[in-house]
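# Descriptive analysis of the structure
Each chain is listed here by its residues.
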Amino acid sequence: MRIGIDLGGSKIEGIAIADDGHERLRRRAQTPRGDYDRTLAAVAGLVRDIERDVGVQATVGIGIPGAVSPATGVIKNANSTWLIGRPLADDLARMLGRPIRLANDANCFALSEAADGAAAGADVVFGVILGTGTGAGIVIHGKVLTGVNAIGGEWGHNPLPAPKDDERPGPMCYCGRYGCVETFLSGPGLARDYSSTDPRTAEQIAALAAQGEPRALAALERYEERLARALATVVNILDPDVIVLGGGVSNIGRLYESVPRLWTPHVFSDHVATRLVRAKHGDSSGVRGAAWLWEVEPSG
Ligand SMILES: [Zn+2]
């Protein structure tokens, strides 16, 4: 039995996956925002609740909106800021009496889709969450590529490639840089490009575009062309079999036809076999991928 925990900024979700890959149950709890000790207690409590219901002890994998710093062993890059600088994995391992695996939530998303989702069976997978931000993760032969700095796949804070004059320097990003991929390709980035005064979700903009509303159509076309440029650089470096999209923007169906057509001139190859697909498990990929952290090398 594997337990996966998705430790988000507002809720903690837990799942139990049986050895045959089937979901056994799911539980949710509120995240005690701003309180590290209570967050630890909430995660440990959720694990114990799940184990009581399924009747066995399980492996525990946890996805977080951040990473474990290889330099210090504590959490970094987390927008749940009360986790930053804390030895979360060690503390939970002590509380639960077993080793814990912890990974970035976008890496968990990519792992879930590579394990039994839209990229099942693919050797090299790039998983992208186009949501509030633009997280991404790399899975190679079923294993997350964490990287020496634990930032493998963090493509959202690269500059938008081949920027046009009106894309330079680009919007300021919370990371301190200008023109990051995230400022253009996150859901809020698309909404801002559509209108500064008429806030819309990605789905709403897509619906307006489908009705022929010219501003929405223009914003969506700019978005598709930018996504194509940004993913072409990924193809040129990683050459993945499959790129999986998740998050709110991934629900725009036309991306899967338009973007592969638009990335062709930017990819250094006569033919591009890389497939662009929509996530199979949707919002559940984070918690599922956390459980799958124990799929490979269970002794590690
Ligand atoms: Zn940035």
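Heads up: these notes are all about the structure in this document. (Residues numbered from 1 in each chain as written. Predicted model: local features only at pLDDT ≥ 70, side-chain atom pairs only at ≥ 80, totals over all residues. Heavy atoms only, no water.)

Sheet architecture is open: five strands sit in the order β10-β9-β8-β11-β12, paired in mixed fashion. Taken across any chain shown, the strands that pair with only one partner, and hence form the sheet edges, are β10 (143-144) and β12 (275-278). Pairing analysis gives seven bridges linking strand β8 (residues 124-130) to strand β9 (residues 134-140), with the strands arranged antiparallel. Residue pairing across strands places Leu-130 opposite Thr-134, the latter belonging to β9. Here helix α3 (residues 105-116) sits on the sheet in contact with β8, β9, β10 and β11 (242-246), set at roughly 45° to β9. Where helix α8 (residues 255-263) meets the sheet, its contacts fall on β11 and β12, and the angle it forms with β12 comes to roughly 155°. (Pairing = 2+ DSSP bridges. Helix = DSSP H or I, 4+ residues; strand = E, 2+ residues; numbered from the N terminus. Contact = heavy atoms within 4.5 Å. Axes fitted to C-alpha atoms, helices over the stretch in contact; angles between N-to-C directions.)

On to the sheet that holds strand β7 (residues 101-104). Read across the sheet, five strands follow the order β3-β2-β1-β4-β7 without closing on themselves; strand pairing throughout is mixed. The sheet is open, and its two borders are formed by β3 (23-30) and β7, each paired with just one other strand. Going from strand to strand, the sheet's axes swing by 20° on average, the running direction of each strand aside. The pairing of strand β2 (residues 11-17) with β3 spans seven bridges and is antiparallel.

Moving on to the layout of surface pockets. In this structure, the largest pocket encloses a volume near 1500 Å³. For the largest pocket, the lining is made up of 43 residues, of which Pro-65, Asn-79, Asp-105, Gly-133 and Gly-135 are closest to its centre. Secondary-structure elements contributing two or more residues to the lining of the largest pocket are β1 (2-7), β2, β3, α3, β9 and α9 (285-292). It is α3 that contributes the most residues to the lining of the largest pocket, three residues altogether. Of the residues contributing to the lining of the largest pocket, the split by class is eleven nonpolar, 22 polar and ten charged. In this structure, the second largest pocket occupies an estimated 490 Å³ of space. Taken together, the elements giving at least two residues each to the lining of the second largest pocket come down to β5 (67-68), β7, α3 and β10. Of the residues contributing to the lining of the second largest pocket, the split by class is 13 nonpolar, seven polar and four charged. (1 Å grid on protein atoms, 1.4 Å probe; cavity = no way out; pocket = protein on both sides within 12 Å on 5 of 7 lines; lining within 4 Å. Points joined across faces, edges and corners; volume = space filled by probe spheres on them. Nonpolar A, V, L, I, M, F, W, Y, C, P; charged D, E, K, R; others polar.)

Below, the discussion takes up the coordination of the zinc ion. For the zinc ion, the full set of protein donor atoms is His-157 (ND1), Cys-173 (SG), Cys-175 (SG) and Cys-180 (SG), at a range of 2.1 to 2.4 Å. All donors of the zinc ion come from a single chain, and their spacing in sequence reads H-x15-C-x1-C-x4-C. For Cys-180, a relative accessible area of 1% puts it in the buried group. (Donors = N, O, S within 2.8 Å, 3.2 Å for Na, K, Ca; no water. Buried < 20%, exposed > 50% of the residue type's maximum accessible area, 1.4 Å probe, protein only.)

Here the bond from Arg-168 into Pro-169 is cis, since omega is -5°, no more than 30 degrees from zero. Among the secondary structure elements, Pro-169 is positioned in the loop between β10 and α4 (181-185). Backbone geometry places Asp-239, a non-glycine residue, at a positive phi of 50°. According to the relative accessible area criterion, Asp-239 is exposed, its value standing at 54%.

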